[in-house]
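Each chain, letter by letter, is given below.
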Amino acid sequence: MTSTTDQDRVLIFDTTLRDGEQSPGATMTHDEKLEIAQLLDEMGVDIIEAGFPIASEGDFEAVRDIAKQAQNAVICGLSRANFKDIDRCWEAVKHARFPRIHTFIGTSPLHRAIPNLDMDQMAERIHETVTHARNLCDNVQWSPMDATRTEHDYLCRVVEIAIKAGATTINIPDTVGYTAPRESADLIRMLLERVPGADQIVFSTHCHNDLGMATANSLAAVEAGARQIECTINGLGERAGNTALEEVVMALKVRHDIMPYDTHIDTTKIMNISRRVAAVSGFAVQFNKAIVGKNAFAHESGIHQDGMLKNSETFEIMRPEDVGLSATNLVMGKHSGRAALRAKLGELGYELADNQLADVFVRFKALADRKKEVYDDDLIALMQAQTTSA
Ligand code: KIV
Ligand code: ZN
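Residues numbered from 1 in each chain as written. Chains lettered and ligands numbered in written order. Predicted model: local features only at pLDDT ≥ 70, side-chain atom pairs only at ≥ 80, totals over all residues.

Chemist: What should I look at first to understand the nonpolar core in this one?
Modeler: When a protein is soluble and globular, its nonpolar side chains tend to lie buried together. Membership of the largest hydrophobic core comes to 89 residues, with the highest contact counts inside it found for Ile48, Ala50 and Ile75. Of all the elements, helix H9 (residues 214-224) adds the most residues to this core, at 7 residues. Discounting chain neighbours no more than four positions away, the residues touching Ala50 are Leu17, Arg18, Ala37, Ala62, Val63, Ile66, Ala67, Ile75, Cys76 and Gly77. Core analysis: the second largest hydrophobic core is formed by 11 residues, Met308, Leu330, Phe364 and Val374 among them. (Core = buried A, V, L, I, M, F, W, Y, C linked by C-beta atoms within 7 Å. Buried ≥ 20, exposed ≤ 12 C-beta atoms within 10 Å, placed from the backbone. Helix = DSSP H or I, 4+ residues; strand = E, 2+ residues; numbered from the N terminus. Contact = placed C-beta atoms within 7 Å.)

Pasting the structure below:
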């Protein structure tokens, strides 16, 4: 195994409670947010973005109470580039053991047009607001929204201004999920090379999944020098969502041989928090979702089940226990073979001779043709019918 140093530590910044909650329909109650924040803190997330305090009284109270509750994580709130937002954010996060203010402004041509600021006026706004945030809090993150569609020269200029004004983390958002892995890496590399002071701060990556590349883009940014990944549980987030925490964390763990970067996440807590976030947000996890989908550790085909029974590494690259599942799920269906049926019946307490198994197998296949999935109770009924007719 490759040994790692502090240089290889990647901070996990979870924004389930801010960017995740911004998905239409994913609103969570105050108590639900506190519960999720507690689980994030316990699983080893480094920074929790708890909300957008100026957005509503409810958001303010949630950020404030999460700040009071957190034991280990840095608690961060979001604010636009104005003093009122930043002051409100500080009022909420200041209760934390480790507070952070996150302030942002859209820097691409399309986003600059919204507040109708020219390049110089925007640069001045960034200088003033980051300076103001830094006067309140030692830990300040600044984001140029839509960074991946911002002119490179201008991006370098405003990142330098934010660093000089006191930002300690510079987050590079791919706000509309437009970038691709090579470009994501090149952008971080370019900023590290061109911006004075870039080696003194942490670069962060914040990807959206509109083209299904958020995980790949985040990992590419890390390989180029980013040391913070912004992500959400189950990839919850606006439109196609954000980078999924469970995907980047497990990718770094499973492929540590080629990506030797460490997180402090206790991966055995992944499945539980995934289920809680799905329940409280009302956003069900798709069956074939990487890591946390119902089928991520399930096998139905005979060849796969037979291989799994002989050696689980045949068809699994990580152990279900590593993400908090008790075991691989061998799903009994029409593709299952004799070996899996024998193993499953064994688990249910039935040890069969070869001729008995052959008989049950025929009836099992007939049942599986009628049903999508054959459950334990179906198999027990099959065995009871067998005993009665014998
Ligand atoms: O996607 C985005 O640009 C954001 C910023 C506010 C960081 O969520
Ligand atoms: Zn975002």
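Structure's up, so let's keep going.
Chemist: Could you clarify how one ought to interpret the UniProt feature "binding site: Mn(2+)" (unreviewed entry) in the protein chain in this entry?
Modeler: The positions UniProt marks with the feature "binding site: Mn(2+)" (unreviewed entry) are Asp19, His206, His208 and Asn242. Their sequence span is 224 residues, while the largest C-alpha to C-alpha distance among them is just 10.4 Å; these annotated residues converge on one region. Relative to the assigned elements, Asp19 resides in helix H1 (residues 16-20). If sequence neighbours within four positions are ignored, Asp19 has contacts with Thr232, Gly237, Glu238 and Asn242. Looking at where His206 falls in the secondary structure, it is placed in strand E7 (residues 202-207). For His206, a count of 28 C-beta atoms within 10 Å corresponds to the buried category. Excluding residues within four positions of it along the chain, His206 makes contact with Ser143, Asn171, Ile172, Pro173, Asp174 and Glu230. (UniProt positions renumbered as here; feature names shortened; annotations may be inferred.)

Chemist: Honestly, unusual backbone geometry in this entry has me stumped. Any pointers?
Modeler: Across the chain, the bulk of peptide bonds are trans and the bulk of non-glycine residues have phi less than zero. A positive phi angle, near 60 degrees, is found at Asn116, a position not held by glycine. Mapping Asn116 onto the fold places it in the loop between helix H5 (109-112) and helix H6 (119-136). Given 7 C-beta atoms within a 10 Å radius, Asn116 is considered exposed. The phi torsion at Asp146 lies on the positive side, around 65 degrees, for a residue other than glycine.

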